[in-house]
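# Breakdown of the fold
The primary structure of each chain is shown beneath.
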Amino acid sequence: MSSLPSVNWSYPTSVRFGVGRIKELPDAVKATGMSNPLLVTDPGLASLPMVADAIASLRDAGLTAAVFCDVKPNPVDSNISAGVEAFTSGGHDGVIAFGGGSGLDAGKLIAFMSGQSRPIWDFEDIGDWWTRADPDGIAPIVAVPTTAGTGSEVGRAGVVTNEATHTKKVIFHPKMLPEIVICDPELTVGMPRFITVGTGMDALAHCLEAYSAPMYHPMSEGIALEGVRLVLENLPRVAADGSDLEARGHLMSAAAMGAVAFQKGLGAIHSLSHPVGALYDTHHGMTNAVFMPYVMQFNKVAIEQKFERLAGFLGIGGGYRGVLEVVLKLRDDLDVPHTLSGLNVDGGKRDLIAEMAIVDPTAGGNPVELTKDGALEIFDKAQLGTI
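Our subject in this report is the structure included herewith. (Residues numbered from 1 in each chain as written. Predicted model: local features only at pLDDT ≥ 70, side-chain atom pairs only at ≥ 80, totals over all residues. Heavy atoms only, no water.)

### Section: the packing of helix 6 (residues 193-212) against helix 10 (residues 284-298)
Close contact between helix 6 and helix 10 brings their axes to 7 Å; oriented N to C, the two are set at 55°. Relative to helix 10, the element helix 6 lies oblique. For the crossing formed where helix 6 meets helix 10, the hand is left-handed. Here helix 6 contributes Phe194, Val197, Gly198, Met201, Asp202, Leu204, Ala205 and Leu208 to the contact with helix 10, which in turn contributes His284, Gly285, Met286, Asn288, Ala289 and Met292. Taken together, the residues of the contact of helix 6 with helix 10 break down into nine nonpolar, four polar and one charged. (Axes fitted to C-alpha atoms, helices over the stretch in contact; angles between N-to-C directions. Helix = DSSP H or I, 4+ residues; strand = E, 2+ residues; numbered from the N terminus. Parallel < 35°, antiparallel > 145°, perpendicular 65-115°, else oblique. Left-handed = near helix turned anticlockwise from the far one by under 90°. Contact = heavy atoms within 4.5 Å. Nonpolar A, V, L, I, M, F, W, Y, C, P; charged D, E, K, R; others polar.)

What follows is the structure, encoded as structure tokens:
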């Protein structure tokens, strides 16, 4: 009798990767059957030449297009509702999700909700809730990432904050996966250093947590290993020289790899980061970066042996401790706050954060069961800086 588990695996979509590939946006849009796309992005990007150039290229190709940018850094449900209204009133037939995590998630969720009759919360990533959706009501999506962090461009879900409860929810459907992705490292060159570091640390968190998650998924585990290496080798290069296109490209790859890998699971880094982000509006990737070593220590008993292999792959001495030291040094070199106070997060909501963390969908992938006491322990150590 075989001891191998029975599991379901799914891998991503068509990706056009390389410097200058943004010029293929009109072709990608036409290939998905769109003639009047809605480009969804955030207000900061909407004012930059790259968005104006994208719209101009679409119109030059005989397509009509409009921009929707009422999107917060941590998208909320009213952003999605307003986007669906813009989609409907403009007679749009698809979405270009353009930007970092907020633009990508909002764009995907607007495309998803454009033809649904039920509330968005009915499609939370719980059990088979995704089957409640009308698949014919999901508009096609082309994704264009402009950061190297979330990997949402190759994901089948979007994260949105419920404004009434201040909780982040993961909305899932297989058809939320973009049909075509354009990964052009040139689009990331203008990112401020803080965003570059935060998004890069988000990609690292995805890869580390996916590698640590207990689910059987050797393909994702292998991808996570290489993703860790790419971030560790290239994030310091990009932080030092934002115009380093080679390093930017490797980080874009690592971001997509992290998102592919984390179908194996995430863990307590994310389950704590989500409520902190929802309650304090912190940058998601930077919040992950703060929690990272404290969660690693919490999980040490379960991941120590696996991290021996990770250390060997990376050429790091000292096994688990060596990997931890590399993470701590990386944070220090990149000016990541060592404690939550560096993100202006106090302990006033620690109990609520712990309660929210243990019911977050990512908590189930943690290699050590995350109880409320465990969540409080991690939070308190991240407050005090105790490794």
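### Considering the packing of aromatic side chains
Considering all chains together, one arrives at four aromatic pairs under this definition. Relative to Phe307, the ring of Tyr211 has its centre 6.0 Å away and its plane inclined at 50°; by these criteria the two rings are tilted. Placement of the pair is Tyr211 in helix 6 and Phe307 in helix 11 (residues 300-314), with a sequence separation of 96 residues. A centroid spacing of 5.9 Å and a plane angle of 55° characterise the contact between Phe307 and Tyr320, whose relative ring orientation is tilted. With Phe307 in helix 11 and Tyr320 in helix 12 (residues 319-333), this residue pair connects regions lying 13 residues apart in the sequence. Since its relative accessible area comes to 1%, Phe307 is described here as buried. Cluster of aromatic residues (ring-pair linked, three or more members): Tyr211, Phe307 and Tyr320. Above the plane of the ring of Trp129 lies Arg132, whose end atom (NZ or CZ) is 4.2 Å from the centre. The side chain of Lys349 reaches across the aromatic face of Tyr280, ending 5.2 Å from its centre. (Phe/Tyr/Trp six-rings, centres within 6.5 Å; stacked < 30°, edge-to-face > 60°. Buried < 20%, exposed > 50% of the residue type's maximum accessible area, 1.4 Å probe, protein only. Lys NZ or Arg CZ within 6 Å of the ring centre and 35° of its normal.)

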